[in-house]
Amino acid sequence: MLAGHLDALIPAHASVLDVGSGDGLLASLVLARRPDLAWSAIDTLARPVSHVPVQLFDGRRLPFGDKQMDVVLFVDVLHHVDDPMVLLREAVRVARSALVIKDHLREGLAANARLRFMDWVGNAGWGVSLPYQYWSESQWQRAREELGLRMEEQSRSLGLYPWWADWLFGGSLHFIARLAVPSAGARESTEVPGSAPRIERWEASLFCPDPVWEEAYRRFETPEEETRKFRRRLLAVGARSWPRDSEIGELFCGRGNGLKALASLGFDRLSGVDLSEDLLRSYRGPARLYLGDCRDLKLPEHSLDVVVVHGGLHHLLDPIGDLERTLVGVRRVLRPRGRLVIVEPWSTPFLSLVHAVSRRSVGRRLWRKLDAFATMVERERDTYFRWLSKPEPILALLRSHFVPEREEISRGKLTFVGSPRPKTPPT
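Residues numbered from 1 in each chain as written. Predicted model: local features only at pLDDT ≥ 70, side-chain atom pairs only at ≥ 80, totals over all residues. Heavy atoms only, no water.

Colleague: Tell me about the overall build of the protein chain, and please be specific about residues and values.
Modeller: When you go through the protein chain residue by residue, the secondary structure sums to 16 helices and 15 strands. The buried share of the protein chain, taken over its 427 residues, is 51%. Counting only contacts in the protein chain whose residues sit at least 6 apart along the sequence, the fraction spanning at least 24 positions is 72%. For the protein chain, the accessible area works out to roughly 20,600 Å², and carbon and sulfur atoms hold 55% of it. (Helix = DSSP H or I, 4+ residues; strand = E, 2+ residues; numbered from the N terminus. Buried < 20%, exposed > 50% of the residue type's maximum accessible area, 1.4 Å probe, protein only. Contact = heavy atoms within 4.5 Å. Areas by Shrake-Rupley, 256 points an atom, 1.4 Å probe, with all protein chains shown as cover.)

Colleague: Kindly report on helix α1 (residues 2–9), identifying the contributing residues and their values.
Modeller: The buried fraction of α1 amounts to 8 of the 8 residues, a majority that puts the element mostly inside the structure. When we look at burial in α1, the residues that qualify are Leu2, Ala3, Gly4, His5, Leu6, Asp7, Ala8 and Leu9.

Colleague: If you had to explain the sheet that holds strand β13 (residues 334–345) to someone new, which residues and values would you point to?
Modeller: In a beta sheet, neighbouring strands pair by backbone hydrogen bonds and run either parallel or antiparallel. If you trace the 8 strands from one edge of the open sheet to the other, you get β8-β11-β10-β9-β12-β13-β15-β14, paired in mixed fashion. Whereas interior strands pair on both sides, the edge strands pair on one side only; in this sheet they are β8 (199–201) and β14 (402–410). Along the sheet, successive strands turn relative to each other by an average axial angle of 15°, direction set aside. Note that β8 and strand β11 (residues 288–291) share 3 bridges and pair parallel. Within β11, the position partnered with Ile199 by the bridge is Leu289. (Pairing = 2+ DSSP bridges. Axes fitted to C-alpha atoms, helices over the stretch in contact; angles between N-to-C directions.)

Colleague: An account of the packing of aromatic side chains is requested, with residue identities and associated values reported.
Modeller: Inspection of the entire model under this criterion finds 8 aromatic pairs. Consider the rings of Trp135 and Trp140, whose centres lie 4.8 Å apart with planes at 65°: the pair is edge-to-face. Per residue, the accessibility class of Trp135 equals that of Trp140, and both read buried. Geometrically, the ring pair formed by Trp346 and Trp387 is edge-to-face, given 6.2 Å between the ring centres and 75° between the ring planes. With Trp346 in the loop between β13 and α12 (349–358) and Trp387 in helix α15 (residues 381–388), this residue pair connects regions lying 41 residues apart in the sequence. Residues Trp346 and Trp387 agree in their burial class; the two are buried. An aromatic cluster of at least three residues, connected via ring pairs, comprises Trp135, Trp140 and Phe175. The residue whose ring lies beneath Arg255 is Tyr217, and the NZ or CZ to ring-centre distance is 4.6 Å. Taking the ring centre of Phe220 as reference, the NZ or CZ of Lys369 above it sits at 4.8 Å. (Phe/Tyr/Trp six-rings, centres within 6.5 Å; stacked < 30°, edge-to-face > 60°. Lys NZ or Arg CZ within 6 Å of the ring centre and 35° of its normal.)

Colleague: Describe the nonpolar core, naming the residues involved and giving the relevant values.
Modeller: Formed by 40 residues in total, the largest nonpolar core has its most connected members in Leu251, Val307, Leu323, Val330, Leu340, Ile342 and Leu398. Of all the elements in the fold, those that place two or more residues in this core are α7 (211–220), β12 (304–310), α11 (321–333), β13, α14 (368–379), α15, α16 (391–401) and β15 (413–420). Apart from the residues lying within four places of it in its own chain, the contact partners of Leu251 are Val273, Cys294, Leu297, Val307, Val308, Val309, Thr326 and Val330. Val72, Leu87, Trp140 and Ala143 belong to the second-largest nonpolar core, a separate cluster that totals 31 residues. (Core = buried A, V, L, I, M, F, W, Y, C linked by side-chain atoms within 4.5 Å.)

Colleague: So, the pairing of strand β4 (residues 69–75): which residues are in play, and what are the values?
Modeller: With 7 of 7 residues buried, β4 lies mostly within the body of the structure. The handedness of the β4 to strand β5 (residues 95–104) crossover, carried by helix α3 (residues 84–94), is right-handed. (Right-handed = clockwise from strand over helix to strand, strands pointing away.)

Colleague: Residue-level account of the packing of α14 against α15, with values.
Modeller: Remark: α14 packs on α15, axes separated minimally by 5 Å, with the N-to-C direction vectors making an angle of 90°. The orientation of α14 relative to α15 falls into the category roughly perpendicular. Contact residues: Phe373, Val377, Glu378 and Arg379 in α14; Arg381, Tyr384 and Phe385 in α15. In the contact of α14 with α15, the residues fall into 4 nonpolar, no polar and 3 charged. (Parallel < 35°, antiparallel > 145°, perpendicular 65-115°, else oblique. Nonpolar A, V, L, I, M, F, W, Y, C, P; charged D, E, K, R; others polar.)

Colleague: How would you sum up the environment of Asp274? Please name residues and give values.
Modeller: Here Asp274 is to be found in strand β10 (residues 270–274). C-alpha of Asp274 to C-alpha of Leu251: the two residues are 23 residues apart in sequence and 6.4 Å apart in space. When residues no more than four places from it in sequence are discounted, the contact partners of Asp274 are Phe252, Cys253, Gly254, Leu280, Tyr290, Leu291 and Gly292.

Colleague: Describe a nonpolar patch on the surface, and please don't skip the residues or the numbers.
Modeller: On the surface, a nonpolar cluster with roughly 370 Å² of combined accessible area is contributed by Val362, Leu366 and Trp367. If you trace the backbone, Leu366 turns up in helix α13 (residues 361–366). On the basis of relative accessible area, Leu366 is assigned to the exposed category, the value being 72%. (Patch = residues over 30% accessible without salt bridge, like charges linked within 9 Å, V, L, I, M, F, W, Y side chains within 5 Å. Salt bridge = Lys/Arg side-chain N within 4 Å of Asp/Glu carboxyl O.)

Colleague: I'd love a proper account of the environment of Ala356, names of residues and values included.
Modeller: Considering the arrangement of structural elements, one finds Ala356 in helix α12. Measuring from C-alpha to C-alpha, the distance between Ala356 and Ala374 comes to 10.0 Å, with 18 residues separating the pair along the chain.

Colleague: Describe the pattern of salt bridges, and please don't skip the residues or the numbers.
Modeller: On inspection of all chains with the given rule, the structure shows 32 salt bridges. Close ionic contact of Glu152 with Arg178 constitutes a salt bridge, the shortest N to O distance being 2.8 Å. Within this pair, whereas Glu152 is found in strand β6 (residues 150–155), its partner Arg178 is found in strand β7 (residues 174–180), the two being separated by 26 residues in sequence. Judged by its relative accessible area of 10%, Arg178 falls in the buried class. We note a salt bridge from Lys298 to Asp296, for which the minimum N-O separation is 3.1 Å. Taking relative accessible area as the criterion, Lys298 reaches 40% and is therefore assigned partly exposed.

Colleague: Which residues make up unusual backbone geometry, and what values do they have?
Modeller: Look at Lys67: it is not a glycine, yet its phi comes out positive at around 50°. Here Lys67 is to be found in the loop between β3 (54–56) and β4.

Colleague: So, helix α5 (residues 137–147): which residues are in play, and what are the values?
Modeller: Of all the positions in α5, only Glu137, Trp140, Ala143, Arg144 and Leu147 are classed as buried. The arc enclosing the buried residues of α5, seen along the axis, measures out at 125°, which places them on a common side. Its buried side turned inward, α5 meets α3, β5, β6 and β7. Count one or two residues on from α5 and you reach Gly148, which has phi positive near 70°. (Arc of directions from axis to C-beta.)

What follows is the structure, encoded as structure tokens:
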């Protein structure tokens, strides 16, 4: 599970300095997922067996030059040192791009006692120093401000333990984050992360957003959880093999977490289209944003290599006529060897079960995410169920415009990847 979190936070083709790597087991699990990474591991203690090569160091000075590594990684390390700021300053010196930190928060009932117990069980037998340096959120924030670190992504719902243990040893006690470092020569800064995005309007929108649906959507998943989900989808459809200079557009991009997932894989020529200005204004990143109707794309002809849709087509009022208009536009803006990638809800026994459970008030009270899902379904009931009721016409329409490379139905989702069908010459 932790390897999956690191996979989502470490950029593509990065050089990584793993500080306090222990026996290297976690490093080996990450590298099994991410052979694109160049990994260097250091520690103050030599273990009898190590899964990756480990270089010893003195625990204070990182044995690398200024801005020599893309990412410096600390996984449950900083609370083992007497002065975490010493290693954090060194990490800022060595990292070109970011620090990735998994550590603890001294928050909640008896947090210190619970953390000390976990620490002792996990490390006492290895001779690891146990100063029990657990910081509160305010201490972490002061450290970020002092070092000029900018929060890019953070998650506190890590799911590291079985459900029956997570209530005691998980939850608010853990976090994982990616922090952007100041560029070489930049003065330390405490400025607010990211400025408001610039949005190009294609036309005056008649769209009236549903604040209840948007509030439920924000509740359903945190930005970090949604970004990780989108990243997993992109990896599953082979995004690592796409050229890094690909021009990629995301339709129905919402608050832009699909764009963040693409950026985490090394793509920077990105654009996003959505009808909700409120959701677009939540995005912080390099992508060009367009406020407009995905049924009437105003992007230049043959300007994109990939078009991605993460669950937007089922919002169309007419699942056939509006889908036809959207696909015609996508074919126009895609280059001849481009591809369309869509993931949409699909009628399966699994989805029927989810709907049945979400209709139970007890389940909605016990699980906030289920309540958010049920609220979204209620608010978009007409379009949602019209979409689910027409699987064969929708598939036929997709296949008529795109040559399928991948067509998979699983766990209530359709994943479709296809390339534009060549235009039939007039007879």
